[in-house]
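# Topology and contacts: notes
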Amino acid sequence: MAETHDTPPVPEVPGLEHTPEIGWRNPKLLFETSRPGRLGVQLPPIGTVDDTPLATLLPEELLRPAIDGMPELSEVDVVRHFTRLSRRNYTPELGLYPLGSCTMKYNPRINEEAARYPGFANSHPLQPASTVQGNLALCWALEEALREITGLSRVSLHPAAGAQGEFAGIQMVQAAFAKRGEKRRYVLIPDSAHGTNPASAHFAGFEVQELLSNEHGTLDLEDLERAMTEDVAALMLTVPNTLGVFENHILEIARIVHGKGGYLYCDGANLNAFVGKVRPGDMGVDVLHLNLHKTFTTPHGGGGPGAGPVAVAAELAPFLPVPTVEKGEDGFYLDFDRPDSIGRLRSFHGQFGMLVRALAYILAMGGRGLARVAETAVLNANYLRKGLEGHYHLPHDSPAMHEVVFNDKSQAEFGVTTMDIAKRMMDYGFHPPTVYFPISISGALMIEPTETVAKEDLDSFIEAMRAIAREAETAPDLVKGAPYTTPVRRCDEVAAARKPILRWTPEAG
Amino acid sequence: MTETQTPDPKKAVASEGGHRYLPIGEVDQREMLEAIGAASIEDLFASLPEAIRLQQPVNVAGPLSDQELRSYLHGLEERNQVAGRNLSSFLGAGAYRHDSPAVIDSLITRSEFLTVYTPYQPEVSQGTLQAIFEFQTFMSLLTGLPVANASLYEGASALAEAALMAYRVQRKRHKVIVAGSIHPHYRATLDTYAKNLEDLEVVEVGWDATGRVDLEALEALLDDDTAAVAVQSPNHFGVVEGWSRVSEVAHKAGALSIGVVAEALSMALLQSPGDGGCDIAVGEAQSFGLPVSFGGPYLGFMAARDEYKRSLPGRLAGQTVDALGKRAFVLTLATREQHIRREKATSNICTNQALCALAATIYLSLHGKVGLRRLAEINLRRATTTRRRLAEAGFPVRFDAPCFNEFAVRSPRPVPEVLAHLEARGILGGVPLGGDYPDLEDTFLVAVTECNQPAELDRLVAELATLGGK
């Protein structure tokens, strides 16, 4: 992995097409490997009423026949199948996986162990509070830690993911205005924002007004002043923004928003850039959602589960989702009696297993350790930026925090696009960064190394990126045909969307 | 540090040596700063306003070693009383205890599945993509509907997403009718999602003496402004509804039929939502290999008729070919999503529950065609037998309709008293219904799965018999 490529990998891998079928190279679907009579579990005996025909327990019309197409496999078959599939994934444990805005950091394994302790894993969400004091104490401890980290007054651990935390946050803004009999129509969102921001604002009943970022990639205060009227409920801001640039006028921004009676919403997706260094509450942020799978190391899992706690200033606390965890005289309890609450966003109390992991991480780092997270993440991003400057175009030259956005402007003249660069990176043994986002930058390559990457990995990544820049100039077709060394070659996404095949069918076999 | 107290932050010592999660040491840092041309780390934070920069570390405990973390977190988990350790549990109501094969955790904790993200780059994510495709196939087979998505957060928000979807595809219809016998958390969640969408109205319909949807009342509510009717089966009282009777009246009025399943295992044995005429099926698949884990993370699912595939929220994996014509999988139909559509997106859902879906896929592969059905049968038989025995013990059934693995019993004495009596004897006897349904104050829910051993069932029956006077 750390080895570098002085000569580019050859486009044709000799003999690849004639390699004997190795399971992980071209695995069948598990439905295709099924053989009648195999079974992967040992089930308990049916019980005391074995002989009763099913139809006496349930009317015939409510029953279904055996499901054709369901596979029959032994435990061994299943373990082989999924182990083979796993070998067709790249993983952050192999090298850089620098998806910008995703914070693909190392996921501590002690967290996995802890979330599986039987007292946590086997506790039912509807048990009496007296029997789950450990869980409630854990929620309380996590809330306290997150209050400290965010500088905000209360935190709800209820939302299932960042997008739901965001929805909860902007709903609370809606509820706060409703409570005082006010109706505001708009939410301001910069053009560099995550797509979930406008989607969440829309579902909370607001219309979105987009703010254009200036040449530094930040908000223009005069533009904001003009747009911020008394019909604007909130400004939704990502700090640092998706260009990796910290809004250095954040205090003025807060003043302008508050001056018109609006709320400052902060998308906490990029908290990793400043955790332990400054606190959103001190910046004037009124409401903030966090992604525990970003800053707080709960595993991304191939796309979830996440968790999206939402933190608020005291003024918005009455509107938090139900239930909250409270500390009473007889111990901790869940509080459902919150008349101004926006209500529920999901069943039960939250992604509890993720909360265990996040608290374990925070305690493993400690207060000073969290600041070192931000320091190292920012150091790594700036080192990477320095190493790539002059090789790739930098659309904004503002100081970078935890991530840096380049684009394909220098390579485009040779007909090489961001997509080609991304695919070629796979041949060099890396996962590509986030591409074509933020949408305000044409052909963006958004790179976030995180703090959990060693210098030698950054060095080999920089060398690979430089080599690709050279290839773009000298052998553009090589780059455009990439990747060559991956389990499958470039995939036809257009064909997939034109005539979608979304499941296996026996006929298609 | 006492074991069950939060570690005291004041005792935290800031150690400036290496930290086990940070592979950048002092020498690295010096070299890197030099390369950047910065004098110190603080130089890199110059854009942060001076006035608010923290002068002290945030006040949280640590750094703790793995051993200290174990000791603290064991201290917490041991304060819980849980089934299989100190208690017998008959709690269900949307979260069901089932045996989970060991290979699930062994496979899902492989780095290649655990620590990766959404498969945006298909060439290096075929493992995740194929597993999602297989999950979609399983959910399609179980629901009896041709397309299923890559998962949603959990059952309650899945219902909300289904209602919003029905409202989108039905265009000029503004009303969604939901059965009052749908899980109270699901209905509350739908209310939260719907309340700021001014032209979407949510109306509830009650149940009849058998515990099933009151068809007459439903027909009276249905009109040409109704986008959809949502019914849960088995419903929150454990009653198997039968999808067809509801789908028929819904379709007659031009409304869609949404089938909600809070106990996914039931689909192995009961008529599928698709066969019962449902246009959309949503629910909770926690039963497929996920621990009850105090309420999450769980696994929402959604399936629908083919014509709605472009209106589904959430991610979808699809089959295609690579440049050499080999079968490959990709995320597809992304134009529905917020990355492109922004405020016009079908949903704001982004991350879903991929690792939970993988666990379910492994669980379903292991059980397969024969095992899953047999397991469902075991649940049905144990629950039905227990229901009869409790009736004989003086706790009669509340609703005389068929059940699956959960049922409602009428208590001859105040429910809190009965449950407290059982709790004192190490039995979590059930979930009281009075809090959500004042009319059912005398009723509680009892769930029985394969995890409830025969001896446990005997004890429950015996304890209740002392209270039931039989």
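Cut-offs used in this document
- Residues numbered from 1 in each chain as written.
- Chains lettered and ligands numbered in written order.
- Predicted model: local features only at pLDDT ≥ 70, side-chain atom pairs only at ≥ 80, totals over all residues.
- Helix = DSSP H or I, 4+ residues; strand = E, 2+ residues; numbered from the N terminus.
- Rg over C-alpha atoms; globule rule 2.2 N^0.38 Å.
- Buried ≥ 20, exposed ≤ 12 C-beta atoms within 10 Å, placed from the backbone.
- Contact = placed C-beta atoms within 7 Å.
- Pairing = 2+ DSSP bridges.
- Nonpolar A, V, L, I, M, F, W, Y, C, P; charged D, E, K, R; others polar.
- Domains from an automatic or database assignment.
- pLDDT = per-residue confidence, 0-100.
- Expected span 1.5 Å × (residues − 1).
- Arc of directions from axis to C-beta.
- Axes fitted to C-alpha atoms, helices over the stretch in contact; angles between N-to-C directions.
- Parallel < 35°, antiparallel > 145°, perpendicular 65-115°, else oblique.
- Left-handed = near helix turned anticlockwise from the far one by under 90°.
- Right-handed = clockwise from strand over helix to strand, strands pointing away.

With that settled, consider the overall build of chain A. Looking only at helices and strands, chain A has 16 helices and twelve strands in total. Taking 509 residues into account, the globule formula puts the C-alpha radius of gyration at 23 Å, and chain A, at 26 Å, falls close to it. Burial analysis of chain A (509 residues in total) assigns 60% to the buried set. Sequence-distant contacts, at least 24 apart, represent 73% of the contacts inside chain A between residues at least 6 apart.

This brings us to the overall build of chain B. From N to C terminus, chain B includes 13 helices and 14 strands. Taking the principal axes of its C-alpha atoms as reference, chain B extends roughly 80 × 55 × 50 Å. When each of the 470 residues of chain B is scored for burial, the buried share is 61%.

What follows deals with the sheet that holds strand β11 (residues 434-435) of chain A. Neighbouring strands of a sheet are bound in pairs by backbone hydrogen bonds; such pairs are parallel or else antiparallel. Judged by pairing direction, the sheet is antiparallel, and its three strands sit side by side in the order β10-β12-β11 (chain A) without closing on themselves. Every other strand in the sheet has two partners, leaving β10 (404-407) and β11 of chain A as the edge strands with one partner each.

Our focus in this paragraph is the interface of chain B and chain A. Between chain B and chain A, the residue contacts involve 166 residues of the former and 171 residues of the latter. Considering each element in turn, the side of chain B that touches chain A owes the most residues, 23 residues, to helix α11 (residues 354-392) of chain B. Among the residues making up the side of chain B that touches chain A, the classes are represented as 83 nonpolar, 54 polar and 29 charged.

Let us now look at the domain arrangement of chain A. One can read the domain layout of chain A as domain 1 (28-87) and domain 2 (131-364). The gap between the C-alpha centroids of domain 1 of chain A and domain 2 of chain A is 44 Å.

Here chain A averages 93 in pLDDT, while 94% of its residues score no lower than 70. Taken together, the stretch residues 1-11 of chain A has pLDDT below 50 and engages in 20 contacts with residues farther than four places along the chain or on a different chain.

Moving on, we get to the domain arrangement of chain B. Taken as a whole, chain B is organised into domain 1 (9-74), domain 2 (88-98 + 370-468) and domain 3 (104-361). The gap between the C-alpha centroids of domain 1 of chain B and domain 3 of chain B is 43 Å.

Attention shifts here to the sheet that holds strand β13 (residues 431-432) of chain B. Residue and element names in this part refer to chain B. In spatial order, the strands read β11-β14-β13; together these three strands make up an open sheet with antiparallel pairing. Either end of the sheet is taken by a strand with one partner, and the two such strands are β11 (406-410) and β13. Bridge count between β13 and strand β14 (residues 443-447): two bridges; the pairing is antiparallel. Residue pairing for β14: P432 is matched across the bridge by F444.

Among the five residues of β14 of chain B, five are classified as buried, and the element is accordingly described as predominantly covered. Across the two faces of β14 of chain B the burial is the same, with T443, L445 and A447 of chain B and F444 and V446 of chain B all buried.

Residue and element names in this part refer to chain B. Helix length check: helix α13 (residues 454-468) (15 residues) gives 20 Å between terminal C-alpha atoms against 21 Å at 1.5 Å per residue, within 8%. Among the residues of α13, L457, L460, E463, L464 and G468 are the ones counted as buried. The buried residues of α13 occupy an angular sector of 135° when projected down its axis, which confines them to one face. The exposed set on the far side of α13, more than 90 degrees from its buried face, consists of A455, D458, A462 and T466.

The next thing to look at is the packing of helix α6 (residues 162-179) of chain A against helix α7 (residues 196-203) of chain A. Residues and elements named next belong to chain A. Close contact between α6 and α7 brings their axes to 9 Å; oriented N to C, the two are set at 45°. When the axes of α6 and α7 are compared, the pair comes out oblique. Along this stretch, α6 crosses α7, giving a crossing that reads as right-handed. Contacts from G162, A163, E166, F167 and I170 of α6 reach α7 at T196, N197, S200, A201 and F203. Split by residue class, the contact of α6 with α7 holds five nonpolar, four polar and one charged.

With that settled, consider unusual backbone geometry. Across the junction of V239 of chain A and P240 of chain A, the peptide omega takes the value -20°, indicating a cis bond. As for its position among the elements, P240 of chain A is in the loop between β4 (232-238) and α9 (250-259). The peptide bond linking S233 of chain B to P234 of chain B adopts the cis configuration, its omega dihedral lying at -15°. Tracing the backbone shows P234 of chain B in the loop between β5 (226-232) and α9 (243-252). The backbone phi angle of S151 of chain B is positive, close to 125°, even though this residue is not glycine. Following the sequence through the fold, S151 of chain B ends up in the loop between β2 (147-148) and α6 (155-169). Positive phi outside glycine occurs at L333 of chain B, with the angle close to 55°. Positionally, L333 of chain B belongs in the loop between β10 (327-331) and α10 (338-341).

A word on the packing of helix α2 (residues 75-86) of chain A against α11 of chain B. As a packed pair, α2 of chain A and α11 of chain B sit with axes 9 Å apart at the nearest point and diverge in direction by 150°. Compared by their axis directions, α2 of chain A and α11 of chain B come out roughly antiparallel. Between α2 of chain A and α11 of chain B lies a crossing whose hand is right-handed. Contact residues: α2 of chain A offers E75, V78 and F82 of chain A, while α11 of chain B offers I362, S365 and L366 of chain B.

Here the focus is the environment of E463 of chain A. All names here are of chain A. By secondary structure assignment, the location of E463 is in helix α14 (residues 455-474). In this structure E463 comes out as partly exposed when scored by C-beta crowding, with 15 C-beta atoms within 10 Å. Each C-alpha atom of the pair E463 and T242 lies 25 Å from the other, and the pair is 221 residues apart in sequence.

Turning to the environment of I378 of chain B, a few remarks are in order. In this structure, I378 of chain B sits in helix α11. Sequence separation between I378 of chain B and E450 of chain B is 72 residues; the distance between their C-alpha atoms is 6.5 Å.

Turning to the confidence of the model for chain B, a few remarks are in order. Residues and elements named next belong to chain B. Taken over all residues, the pLDDT of chain B has a mean of 94, while the share at 70 or more is 94%. Counting contacts from residues 9-15, a segment whose pLDDT is below 50, to residues more than four positions away or on other chains yields eleven contacts. Reported for the predicted complex are a pTM of 0.96 and an ipTM of 0.96.

This part covers α9 of chain A. All names here are of chain A. Turning to α9, its buried residues number three or more, namely I250, I253, A254, I256 and V257. Seen from one end, α9 has its buried residues packed into an arc of 165°, which puts them on one side. Check the buried side of α9 and you find it contacts α8 (221-227), β4, β5 (263-267) and α10 (280-283). Once α9 ends, the next one or two residues include G261, with phi positive near 75°.

Before going further, it helps to spend a moment on the pairing of strand β3 (residues 207-211) of chain A. Residues and elements named next belong to chain A. Bridge count for strand β2 (residues 186-190) against β3 is five bridges, and the pairing is parallel. Pairing of V187 across the sheet is with V208, part of β3. As a crossover connection, the stretch from β2 through α7 into β3 is right-handed.

On to the environment of T434 of chain A. All names here are of chain A. Along the polypeptide, T434 turns up in strand β11. Distance in space between the C-alpha atoms of T434 and P98 is 7.4 Å, their sequence separation being 336 residues. For T434, the residues in contact, after removing those within four places along its chain, are L99, G100, S101, C102 and M446.

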